[in-house]
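Chain residues, written in single-letter form:
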Amino acid sequence: MANAFPPAFQHFIDGLRDIWAKETETNARMESALPLLRDVVNDPQMQEISAGWPSTEGRKNLLFYVDPEYGFAINGVVRVPGRTGSVHDHGNVWVAYGVMTGSESLERYTRLDDGSKPDWAEIKLLSVTKGSSGKVDLVPPYDIHAEQGGPTRSTAIILRSERLGDLPQNMFDLETGLVKNGPGATQIPYELRA
(Lines give C-alpha, C1' and ligand atoms only; values in the text may rest on other atoms or scores of the structure.)
Protein backbone atom coordinates (compact mmCIF):
# COMPACT_ATOMS: atom_id res chain seq x y z
CA MET A 1 0.00 0.00 0.00
CA ALA A 2 1.26 3.45 -0.86
CA ASN A 3 1.77 6.04 1.86
CA ALA A 4 0.12 9.02 0.07
CA PHE A 5 -2.56 9.19 2.76
CA PRO A 6 -5.01 12.07 3.13
CA PRO A 7 -3.61 14.61 5.65
CA ALA A 8 -6.15 13.81 8.40
CA PHE A 9 -5.44 10.09 8.10
CA GLN A 10 -1.67 10.64 8.24
CA HIS A 11 -2.19 12.83 11.32
CA PHE A 12 -4.23 9.97 12.84
CA ILE A 13 -1.41 7.47 12.23
CA ASP A 14 1.25 9.85 13.57
CA GLY A 15 -0.79 10.51 16.70
CA LEU A 16 -1.37 6.80 17.28
CA ARG A 17 2.34 6.08 16.92
CA ASP A 18 3.08 8.78 19.51
CA ILE A 19 0.58 7.21 21.92
CA TRP A 20 1.95 3.70 21.39
CA ALA A 21 5.52 4.97 21.96
CA LYS A 22 4.59 6.61 25.29
CA GLU A 23 2.06 4.15 26.68
CA THR A 24 2.59 0.40 27.23
CA GLU A 25 -0.87 -0.71 28.40
CA THR A 26 -3.22 -1.59 25.54
CA ASN A 27 -6.38 -0.31 27.23
CA ALA A 28 -4.72 3.06 27.98
CA ARG A 29 -3.48 3.27 24.39
CA MET A 30 -6.95 2.66 23.01
CA GLU A 31 -8.63 5.11 25.39
CA SER A 32 -6.02 7.77 24.50
CA ALA A 33 -6.69 7.14 20.79
CA LEU A 34 -10.42 7.99 20.97
CA PRO A 35 -10.01 11.77 20.43
CA LEU A 36 -7.80 11.08 17.40
CA LEU A 37 -10.39 8.68 15.98
CA ARG A 38 -13.11 11.29 16.58
CA ASP A 39 -11.04 13.86 14.66
CA VAL A 40 -10.46 11.62 11.63
CA VAL A 41 -14.09 10.49 11.30
CA ASN A 42 -15.24 14.13 11.50
CA ASP A 43 -12.80 15.30 8.82
CA PRO A 44 -14.77 16.54 5.76
CA GLN A 45 -12.17 15.26 3.26
CA MET A 46 -12.21 11.79 4.84
CA GLN A 47 -16.01 11.77 4.78
CA GLU A 48 -15.95 12.72 1.09
CA ILE A 49 -13.37 10.02 0.29
CA SER A 50 -15.47 7.38 2.07
CA ALA A 51 -18.24 7.92 -0.49
CA GLY A 52 -16.12 5.91 -2.95
CA TRP A 53 -15.31 2.98 -0.68
CA PRO A 54 -16.63 -0.38 -1.90
CA SER A 55 -19.16 -2.41 0.06
CA THR A 56 -17.80 -4.59 2.85
CA GLU A 57 -20.87 -6.84 3.03
CA GLY A 58 -20.16 -10.51 3.56
CA ARG A 59 -17.95 -10.09 6.65
CA LYS A 60 -15.22 -7.98 5.06
CA ASN A 61 -13.16 -5.00 6.21
CA LEU A 62 -11.10 -2.64 4.13
CA LEU A 63 -7.53 -2.78 5.45
CA PHE A 64 -5.98 0.69 5.27
CA TYR A 65 -2.93 0.34 7.51
CA VAL A 66 -1.04 -2.01 9.83
CA ASP A 67 1.70 -0.34 11.82
CA PRO A 68 5.03 -2.07 11.13
CA GLU A 69 6.39 -1.32 14.60
CA TYR A 70 3.41 -1.45 16.97
CA GLY A 71 1.04 -3.76 15.10
CA PHE A 72 -2.16 -1.73 15.46
CA ALA A 73 -4.45 -1.89 12.42
CA ILE A 74 -6.84 0.59 10.84
CA ASN A 75 -9.83 -0.70 8.89
CA GLY A 76 -12.75 0.83 7.03
CA VAL A 77 -16.24 -0.58 6.81
CA VAL A 78 -19.25 0.25 4.64
CA ARG A 79 -22.72 -0.79 5.75
CA VAL A 80 -25.70 -1.02 3.41
CA PRO A 81 -29.03 0.47 4.59
CA GLY A 82 -30.78 -1.73 7.13
CA ARG A 83 -27.88 -4.16 7.45
CA THR A 84 -28.34 -6.85 10.11
CA GLY A 85 -25.03 -7.56 11.83
CA SER A 86 -24.02 -10.77 13.54
CA VAL A 87 -23.46 -11.02 17.29
CA HIS A 88 -19.76 -11.56 17.98
CA ASP A 89 -16.71 -10.63 20.00
CA HIS A 90 -13.20 -9.77 18.83
CA GLY A 91 -11.34 -12.27 20.99
CA ASN A 92 -8.47 -10.63 22.85
CA VAL A 93 -8.34 -7.55 20.57
CA TRP A 94 -9.37 -4.03 21.64
CA VAL A 95 -11.46 -2.19 19.04
CA ALA A 96 -12.37 1.49 18.69
CA TYR A 97 -15.16 2.14 16.21
CA GLY A 98 -15.93 5.55 14.73
CA VAL A 99 -18.94 6.29 12.52
CA MET A 100 -17.93 8.58 9.66
CA THR A 101 -21.11 8.98 7.61
CA GLY A 102 -24.68 7.79 8.01
CA SER A 103 -25.90 6.17 11.20
CA GLU A 104 -25.60 2.79 12.89
CA SER A 105 -26.36 1.24 16.23
CA LEU A 106 -24.10 -0.76 18.52
CA GLU A 107 -25.79 -3.52 20.47
CA ARG A 108 -24.00 -4.78 23.57
CA TYR A 109 -24.78 -8.13 25.14
CA THR A 110 -24.01 -9.77 28.46
CA ARG A 111 -23.35 -13.43 29.02
CA LEU A 112 -25.65 -15.07 31.59
CA ASP A 113 -24.12 -18.57 31.75
CA ASP A 114 -20.79 -19.46 33.39
CA GLY A 115 -18.94 -20.12 30.11
CA SER A 116 -18.25 -23.77 30.99
CA LYS A 117 -19.61 -24.99 27.62
CA PRO A 118 -17.27 -23.69 24.89
CA ASP A 119 -19.83 -24.07 22.09
CA TRP A 120 -22.90 -22.66 23.86
CA ALA A 121 -23.81 -19.38 25.58
CA GLU A 122 -26.86 -17.75 27.07
CA ILE A 123 -26.65 -14.05 26.24
CA LYS A 124 -28.98 -11.10 26.74
CA LEU A 125 -29.17 -7.68 25.10
CA LEU A 126 -27.73 -5.14 27.55
CA SER A 127 -27.89 -1.85 25.63
CA VAL A 128 -28.25 -0.23 22.22
CA THR A 129 -26.23 2.88 21.39
CA LYS A 130 -27.33 4.88 18.36
CA GLY A 131 -24.44 6.43 16.50
CA SER A 132 -24.27 9.02 13.76
CA SER A 133 -21.35 10.84 12.18
CA GLY A 134 -18.63 11.42 14.79
CA LYS A 135 -19.82 8.82 17.32
CA VAL A 136 -16.93 6.76 18.70
CA ASP A 137 -17.21 3.56 20.78
CA LEU A 138 -14.57 1.46 22.50
CA VAL A 139 -15.13 -2.31 22.60
CA PRO A 140 -12.86 -4.20 25.04
CA PRO A 141 -11.67 -7.76 24.40
CA TYR A 142 -14.35 -10.47 24.54
CA ASP A 143 -17.21 -7.94 24.80
CA ILE A 144 -20.18 -9.41 22.94
CA HIS A 145 -21.78 -6.96 20.52
CA ALA A 146 -23.29 -6.38 17.06
CA GLU A 147 -23.30 -3.41 14.70
CA GLN A 148 -26.58 -2.74 12.90
CA GLY A 149 -27.05 -0.58 9.83
CA GLY A 150 -29.19 2.54 9.83
CA PRO A 151 -31.65 3.73 7.19
CA THR A 152 -28.89 4.91 4.79
CA ARG A 153 -25.43 3.77 3.72
CA SER A 154 -22.89 4.32 6.48
CA THR A 155 -19.09 4.31 6.67
CA ALA A 156 -16.79 3.91 9.64
CA ILE A 157 -13.14 3.69 10.60
CA ILE A 158 -12.07 0.96 12.99
CA LEU A 159 -8.89 1.04 15.06
CA ARG A 160 -7.79 -2.36 16.33
CA SER A 161 -5.04 -3.06 18.84
CA GLU A 162 -3.87 -5.68 16.35
CA ARG A 163 -4.91 -6.93 12.95
CA LEU A 164 -7.93 -9.21 12.84
CA GLY A 165 -8.69 -11.75 10.15
CA ASP A 166 -6.73 -14.75 11.34
CA LEU A 167 -7.22 -14.28 15.08
CA PRO A 168 -9.97 -16.38 16.67
CA GLN A 169 -13.15 -14.72 17.79
CA ASN A 170 -16.59 -15.97 18.80
CA MET A 171 -19.84 -15.71 16.85
CA PHE A 172 -23.07 -16.14 18.84
CA ASP A 173 -26.40 -17.45 17.54
CA LEU A 174 -29.17 -15.71 19.50
CA GLU A 175 -31.79 -18.33 18.60
CA THR A 176 -29.91 -21.54 19.37
CA GLY A 177 -27.25 -20.37 21.82
CA LEU A 178 -24.54 -21.95 19.70
CA VAL A 179 -21.10 -20.36 19.75
CA LYS A 180 -18.74 -20.77 16.82
CA ASN A 181 -15.07 -19.86 17.09
CA GLY A 182 -13.32 -18.76 13.93
CA PRO A 183 -11.45 -16.02 12.12
CA GLY A 184 -12.81 -12.50 11.98
CA ALA A 185 -13.74 -10.44 8.96
CA THR A 186 -11.77 -10.94 5.75
CA GLN A 187 -9.18 -8.20 5.42
CA ILE A 188 -9.24 -6.55 1.98
CA PRO A 189 -6.14 -4.36 1.37
CA TYR A 190 -7.33 -0.95 0.19
CA GLU A 191 -5.20 1.99 -0.87
CA LEU A 192 -6.50 5.06 0.90
CA ARG A 193 -5.57 8.20 -1.06
CA ALA A 194 -6.38 11.89 -0.91
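Here, the structure is the one placed above.
Residues numbered from 1 in each chain as written. Predicted model: local features only at pLDDT ≥ 70, side-chain atom pairs only at ≥ 80, totals over all residues. Heavy atoms only, no water.

The next thing to look at is the overall build of the protein. Scanning the protein for helices and strands turns up 3 helices and 12 strands. Against the compact-globule benchmark of 16 Å for 194 residues, the protein has a radius of gyration of 16 Å, which places it among compact chains. For the protein, the spread of C-alpha atoms along the principal axes amounts to about 45 × 40 × 25 Å. For the protein, with 194 residues in total, the buried portion stands at 49%. Pairs at least 24 residues apart make up 76% of the contacts formed inside the protein by residues separated by at least 6 positions. Of the roughly 9,200 Å² of accessible surface on the protein, a fraction of 50% belongs to carbon and sulfur atoms. Each charge class in the protein was averaged separately, 19 positive and 26 negative side chains, and the resulting centres sit 3 Å apart. (Helix = DSSP H or I, 4+ residues; strand = E, 2+ residues; numbered from the N terminus. Rg over C-alpha atoms; globule rule 2.2 N^0.38 Å. Buried < 20%, exposed > 50% of the residue type's maximum accessible area, 1.4 Å probe, protein only. Contact = heavy atoms within 4.5 Å. Areas by Shrake-Rupley, 256 points an atom, 1.4 Å probe, with all protein chains shown as cover. Lys, Arg positive; Asp, Glu negative; His and termini not counted. Charge placed at Lys NZ, Arg CZ, Asp CG, Glu CD.)

With respect to the helices and strands, Asp89 occurs in the loop between strand E3 (87–88) and strand E4 (95–101). Despite its burial, Asp89 remains without a salt bridge, the nearest opposite charge being carried by Arg111 at 6.7 Å. Only 2.8 Å separates the side chain of Asp89 from the backbone nitrogen of Asn170, close enough to count as a polar contact. When neighbours within four sequence positions are excluded, Asp89 is seen to be in contact with Tyr142, Asp143, Ile144, His145, Gln169, Asn170 and Phe172. (Salt bridge = Lys/Arg side-chain N within 4 Å of Asp/Glu carboxyl O. Polar contact = N/O pair within 3.5 Å; in protein donor to acceptor, adjacent residues only side chain to side chain.)

As a further point, take helix H1 (residues 7–22). Taking 1.5 Å per residue, 16 residues should reach 22 Å; H1 reaches 23 Å between its end C-alpha atoms and fits that length. The set of residues buried in H1 consists of Ala8, Phe9, Phe12, Ile13, Gly15, Leu16, Ile19 and Trp20. In a view along the axis of H1, the buried residues occupy a sector of 165°, so they form one face of it. Opposite the packed face of H1, turned more than 90 degrees from it, sit the exposed residues Pro7, His11, Ala21 and Lys22. Those residues of H1 that are buried lie in contact with helix H2 (26–41), helix H3 (44–50), strand E1 (60–66), strand E2 (73–79) and strand E9 (154–160). (Expected span 1.5 Å × (residues − 1). Arc of directions from axis to C-beta.)

Bringing the pairing of strand E5 (residues 103–111) into the picture now. Of the strand pairs in this sheet, E5 and strand E6 (residues 123–132) are connected by 9 bridges, and their pairing is antiparallel. Within E6, the residue paired with Leu106 across the bridge is Thr129. Where E5 and strand E8 (residues 144–149) come together, 6 bridges link them in antiparallel fashion. Residue pairing for E8: Glu104 is matched across the bridge by Gly149. (Pairing = 2+ DSSP bridges.)

What follows deals with the sheet that holds E9. Neighbouring strands of a sheet are bound in pairs by backbone hydrogen bonds; such pairs are parallel or else antiparallel. Here we have 6 strands laid out as an open sheet, ordered E7-E4-E9-E2-E1-E12, and mixed in their pairing. Of all the strands in the sheet, just strand E7 (136–139) and strand E12 (186–189) have a single pairing partner and so form its edges. Across the sheet, the mean angle separating the axes of adjacent strands is 30° when strand polarity is ignored. Note: E1 against E12, 4 bridges, orientation parallel. Across the sheet, Lys60 pairs through a bridge with Thr186, a residue of E12. Packing against the sheet, H2 makes contact with E4, E7 and E9, and its axis sits at approximately 15° to E4. (Axes fitted to C-alpha atoms, helices over the stretch in contact; angles between N-to-C directions.)

With that out of the way, let us pick up the packing of H1 against H2. Between H1 and H2, the least distance of the axes is 10 Å, while the angle of their chain directions is 170°. Relative to H2, H1 is oriented roughly antiparallel. Within the contact between the two elements, H1 uses Ala8, Phe9, His11, Phe12, Gly15, Leu16, Ile19 and Trp20 and H2 uses Arg29, Met30, Ser32, Ala33, Leu36, Leu37 and Val40. Of the residues in the contact of H1 with H2, the class split is 11 nonpolar, 3 polar and 1 charged. (Parallel < 35°, antiparallel > 145°, perpendicular 65-115°, else oblique. Nonpolar A, V, L, I, M, F, W, Y, C, P; charged D, E, K, R; others polar.)

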